[in-house]
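A structural walkthrough
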Amino acid sequence: MARPTGNVRLKAARVAAGFNSQQDLADALTQHAKDMGIRGLSIGVRQVRRWESDSPPWPQPDCQRVLAHLLGQNMEALGFTHPWGTDGSQQSGHARRILVPGGAVALGLAALPQRAGAAPQPSTAGTDFQAVTRSHRRLYWSVTPTQLHPAVVAHATLGCALLPETRDSTRRMVAAALAETYLLAGRIEFFDLREPSRATDTLLLALQAAGEADDALLGSAVIAHMAFVPGWVADREGALERMTAARTYARRAPASAEFLAWLDAVEAECETRCGNTRTALNLIGHAEDVLAAGNDHSSPAWMDWFSPARLAAFKGNTQMIAGHLPQARESLLHALGSMTPAEDKQRSVVYGDLAAVEAASGNPEQACGYAGQALDQLATTWYATGMERVREVRRALAPHQHERCVRDLDDRLYDWATTLSALGR
């Protein structure tokens, strides 16, 4: 059987994203350029044909931005070789050499030079690097994000330096741990630091590292996180494109029921942000069915951000936004009662949503009580999303601002400790 010719990586990414023809991709890229504010960029089918040829030309900068943003992968992962990327080294895989300087530069760090003729790292390098990755993952749930983030980024830089000096199973272990590290950095940048553009760049590096490890499930998790970025600004098409890719990658791996339910929850949250609460609730119902049915696959250790309790929290938030207040209250109280101590960081969000339910129900005292509990939790485990929920509740309580409970909440919300904590993190 003849081997496929041309740039099969770009073609595979195109098909995985739902563009069955080169013309479909050309049209989508042109429209996406407009959506991104890149004026005057028109990409025709001839250009896509050249990119999918045996010797694809290196795209111009604006084309690179649109390709990477639309398909969720960087240039090397899409089969392009940078003109200055050939240095005569004998490493296999054109993307592997690029990962080191590209990863460092994209995070604003100095690129680490590769040591010429460096001896391969011992197998213990993989387990040792992975152990630090796991420690950072656990620390995320208790350490202040602004304190943890520099350490995570520095660890990623070390991984970029180690990767060219490893071989075989050790290389795959380092690459997988590097992908986890970049994923954690991207999560902090998006959920805690509120820097979506930076998070997008970091998650692209996570996806590239997952490709180096040939870990489809980890790749699916990264792409699903990338869906949050357009989803948060109500770009439904952009979010759904990424979710299609995430589900495609998940089909290539032994995905647990928990993982598949989480994909439903991510898409549901994006749909909620886009105003489609009915669709979101259907997705959450499907996720509940998937969890109830289960399957024979276990979840990976790095998937520590989801549980049935968090699904109930997702559900309660969507029900609240849909105006189903009694159902939202029930779901959120169930989530609160089901959370483990390891999920304390998420409690502030649930308290905030319960406060919003009571505010919408015309119960200012109960709303202030839950908002106060959210502030208590935030004093222990800071979470930017939790503080946003409290502020949203305070805005909803404006009609009751002269009541004693609201004034007391203001005293808590704007005391020295809370103000300095919010501004300092």
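This text goes with the structure placed above it.
Residues numbered from 1 in each chain as written. Predicted model: local features only at pLDDT ≥ 70, side-chain atom pairs only at ≥ 80, totals over all residues. Heavy atoms only, no water.

**As for empty space enclosed by the protein**
Inspection of the entire model under this criterion finds five cavities of 30 Å³ or more. Counted as a void, the largest cavity has a volume near 390 Å³. If you go around the largest cavity, you meet 25 residues; those closest to its centre are F191, E269, F314, Q346 and Y383. With five residues, helix 14 (residues 308-321) is the largest single contributor of residues to the lining of the largest cavity. Here the lining of the largest cavity is built from residues that sort into 13 nonpolar, six polar and six charged. Taken as a whole, the second largest cavity spans an internal volume of roughly 140 Å³. R137, E180, L183, L184 and W302 are the residues nearest the centre of the second largest cavity, which is lined by 14 residues in total. Sorting elements by how many residues they give to the lining of the second largest cavity places helix 8 (residues 168-192) first, with five residues. In terms of residue class, the lining of the second largest cavity is made up of seven nonpolar, three polar and four charged. (1 Å grid on protein atoms, 1.4 Å probe; cavity = no way out; pocket = protein on both sides within 12 Å on 5 of 7 lines; lining within 4 Å. Points joined across faces, edges and corners; volume = space filled by probe spheres on them. Helix = DSSP H or I, 4+ residues; strand = E, 2+ residues; numbered from the N terminus. Nonpolar A, V, L, I, M, F, W, Y, C, P; charged D, E, K, R; others polar.)

**A word on the packing of aromatic side chains**
Scanning the entire structure with this criterion turns up 13 aromatic pairs. Their ring planes at 75° and their centres at 5.4 Å tell us that F190 and W232 sit as a pair that is edge-to-face. Placement of F190 in helix 8 and of W232 in helix 10 (residues 216-232) is noted, with a sequence separation of 42 residues between them. Aromatic ring contacts, followed pair by pair, group F190, F191, F228 and W232 into a single cluster. Across from the ring centre of W232, 3.9 Å away, lies the NZ or CZ of R273, which sits over that ring. Note that K345 overlies the ring of Y140, its terminal NZ or CZ placed 3.6 Å from the centroid. (Phe/Tyr/Trp six-rings, centres within 6.5 Å; stacked < 30°, edge-to-face > 60°. Lys NZ or Arg CZ within 6 Å of the ring centre and 35° of its normal.)

**Considerations on helix 8**
Think of an α-helix as 3.6 residues a turn; residues three or four steps apart then line up on the same face. Its 25 residues give helix 8 an end-to-end C-alpha distance of 35 Å, which sits within 8% of 36 Å, the value for a rise of 1.5 Å per residue. Of all the 25 residues making up helix 8, 21 are buried; the element is thus mostly covered by neighbouring parts of the structure. R194 lies just past helix 8 and shows a positive phi near 60°. (Expected span 1.5 Å × (residues − 1). Buried < 20%, exposed > 50% of the residue type's maximum accessible area, 1.4 Å probe, protein only.)

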